[in-house]
Amino acid sequence: MNVLRIAWVIARKDLVVEMRSRELAYTTLFFAVACVLVFAFAFIRQGRTPEDVAAGILWVALAFSGTMALGRAFERERQAETLRALLLAPVERASIYLGKLAGLLVLMAAVEAVVVPLVALLFDAPLWRAPGLLIALLAAGTLGFAGVGTLFAAMLVRAHSRDVLLPILLYPITVPVMIAGVRGTAAIFAAEPNFDAARAWLSMLVFFDAIFVTMALWVFAPVMNE
Amino acid sequence: MSNSKTELQAQAQEGFVPATSITTESLPATPLLYSAYGAVWVILILYVFVLARRLTRVERDLRDVSARIAKR
Amino acid sequence: MRLATRLLPLLLLVTAVFFIRAPFLIKAAPIESTMGVVQKIFYFHVPAAAATFLGATVCGIASILFLWRRRPMADHVAVSAAELVVTFGVIVLITGPLWARKAWGIWWEWRDVRLTTTFVMWTTFAAYLLLRRFGGPGSNIMAAAFGLFGMALVPIVYQSVSYWNTLHPKATVVRTLPPEMAGPLWWGITAFVLLFTALMIVRVRLEAGRAALEDAYVELED
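All residue numbers refer to positions counted from 1 along the written sequence of the respective chain. Each chain takes a letter, starting from A, and each ligand takes a number, starting from 1, following the order in which they are written. Residue-level local features of this predicted model are given only where pLDDT is at least 70; pairs of side-chain atoms are given and counted only at 80 or more, and the full residue set underlies all totals for whole chains, interfaces and linings. With hydrogens and water stripped out, all remaining heavy atoms of the structure feed into the side-chain values.

Now for the interface of chain A and chain C. Taken together, the contacts link 33 residues of chain A with 30 residues of chain C. A 1.4 Å probe defines the accessible area here, and the buried area is the portion of it lost by two parts on being joined, summed over both. Buried area between chain A and chain C, both sides added, is near 2700 Å², and the carbon and sulfur share of it is 84%. The term salt bridge refers to a pairing of a side-chain nitrogen on Lys or Arg with a carboxyl oxygen on Asp or Glu at a separation within 4 Å. The tally of links between chain A and chain C comes to 0 salt bridges. Distance and chemistry together define a polar contact, namely a pair of N or O atoms within 3.5 Å, with one atom able to donate a hydrogen and the other to accept it when in protein, and with adjacent residues in sequence counting only for side-chain atoms on both sides. Where chain A touches chain C, the interface holds 3 residue pairs in polar contact (both at pLDDT 80 or more). For the side of chain A that touches chain C, the secondary-structure elements that each account for two or more residues are α6 (131-156), α7 (162-173), α8 (175-189) and α9 (195-224) of chain A. Looking at which element gives the most residues to the side of chain A that touches chain C, the answer is α9(A), with 14 residues. Looking at the side of chain A that touches chain C residue by residue, the classes come out as 28 nonpolar, 3 polar and 2 charged. Whether two residues touch is decided by their heavy atoms; if any such pair falls within 4.5 Å, the residues are in contact. Think of it this way: any DSSP run of H or I at least four residues long counts as a helix, any run of E at least two long counts as a strand, and we number them from the N terminus. Just so you know the grouping, Ala, Val, Leu, Ile, Met, Phe, Trp, Tyr, Cys and Pro go in nonpolar, Asp, Glu, Lys and Arg go in charged, and all remaining residues, Gly too, go in polar.

Spelled out as structure tokens, the structure:
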């Protein structure tokens, strides 16, 4: 399909640019780690953090660093005016959205590959208890978050106050993704794990993803046409 | 006809049950009820007031600007 | 719009009648057996919530219309509805905890479906208003995209929070209400829906006026 092929071209362009400088990867990763650190100290009690707090800290760190990565990724486009060039090109709007989304997902996957084990280490969370389920939760949650985020970041590119407006818009809408992600992860990490609950949260996440990504695809063209 | 409090509470989760006898409560309820009611009125009246003010201002400005355009 | 403005005085009169009679109906309603007299907050808490959800739906639909048809009236309706969601939302979020404090002993419960959904919705539509205010040119189109997500969010948040335990009286309460309680409730809901409509008409008129004013300023510049 042409749309997918062009999306791949766009995604590959982003990844190649990123590989050269690795600016986004390093800064996002470090920011996520810094978040984890701040939250860890916020919740320390008698030298350790309470058990069930690891899931929350993980997802909040990912949400914050994801928002930052979104902002930076599109800031880059804005400075080089490449977004306008893309919009002027005779390509389906959907392929721009999908391409940017794919690039961001790869970035977040790289960040999660480091942050998740780090959180497990610092908070004594049982990472290997259900690795498939955990990875699925992370993937679905990241997709939901990035799916909405890519739309909002793209549309805000030419807006005033765009740095602060992106989190203001993104966090309320991604509340259900956060709820499902945190509760699903917490169900796995808990002292008495509830894998059925985790699976239920996962299917809810997949359902939300389908809705959000479909809506974003739908809305991307009309909102980007000024 | 006298259910125990816990039974009634369980029932109240499913549906409200009109009281047959009133027992006194520890926390005074009436101030809460009246403050809630008062809050509704305050908020609504405030909003209507602000709305009316914005509307008169816009309509006045519109009249002014239209007059200036007509005068040209 | 012309028709709506003409109907407005009558609508306001009917609304006033409803609001004036309401407290008498509420006073006459039976006192609930476990929660006592504080349960009567229900008679205006639920109607305010109804108005909030109505506003979210109206905003969502108007946003869709504006996004695809770019009709200015749709935009006016969207922003007016969003403002009403925030206003009525404040009422729900104040009266709810006041009721909860007495009925459950706590001011707030995160796992309660309706409280959390309303809070998220309130935040979403407040964000909508911020976007419109500070987004700069083109913010009405961006807001329309956002408003669509805001409307879709309501059932989704409801779904996710309801998987948790809930303390809030279940939805079956409204259906199983005895008639002495159903009467005042539906009276209250009607009152609030009428008020919502009246406020919408006024607010949309304000918005249309603002748009006309901007056009007039532009024409003056020429």
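Further remarks concern helix α2 (residues 23-43) of chain A. Residue and element names in this part refer to chain A. Expected span, for any helix, means 1.5 Å times one less than how many residues it has. Taking 1.5 Å of rise per residue, the 21 residues of α2 would be expected to cover 30 Å, and the 30 Å separating its terminal C-alpha atoms lies within 8% of that figure. Relative accessibility under 20% of the residue-type maximum defines a buried residue, over 50% an exposed one, and the middle range a partly exposed one, all with a 1.4 Å probe and only protein chains included. Residues of α2 that are buried: Leu24, Thr28, Ala32, Cys35, Val36 and Ala40. Around the axis of α2, the buried residues are gathered within 135 degrees of arc, so they sit on the same side. For α2, the exposed residues set more than 90 degrees away from the buried face come down to Tyr26, Phe30, Val38 and Phe41. Note that the arc is defined by the directions from the helix axis to the C-beta atoms.

Three or four residues apart is the spacing at which side chains of an α-helix point the same way, because the helix has 3.6 residues per turn. With 28 residues, helix α2 (residues 42-69) of chain C extends 40 Å from end C-alpha to end C-alpha; this agrees with the ideal 40 Å at 1.5 Å per step. Where α2(C) ends, the next residue or the one after it, C:Arg70, has phi of about 55 degrees, a positive value.

The next point concerns the pattern of salt bridges. Residue and element names in this part refer to chain A. In total, this model carries 17 salt bridges over all chains according to the counting rule given. Put simply, Glu23 and Arg72 hold a salt bridge, and the shortest N to O gap is 2.3 Å. In this pair, Glu23 is assigned in helix α2 and Arg72 in helix α3 (residues 53-80), connecting sequence segments 49 residues apart. Owing to a relative accessible area of 31%, Glu23 belongs among the partly exposed residues under this scheme. Judged by its relative accessible area of 35%, Arg72 is partly exposed.

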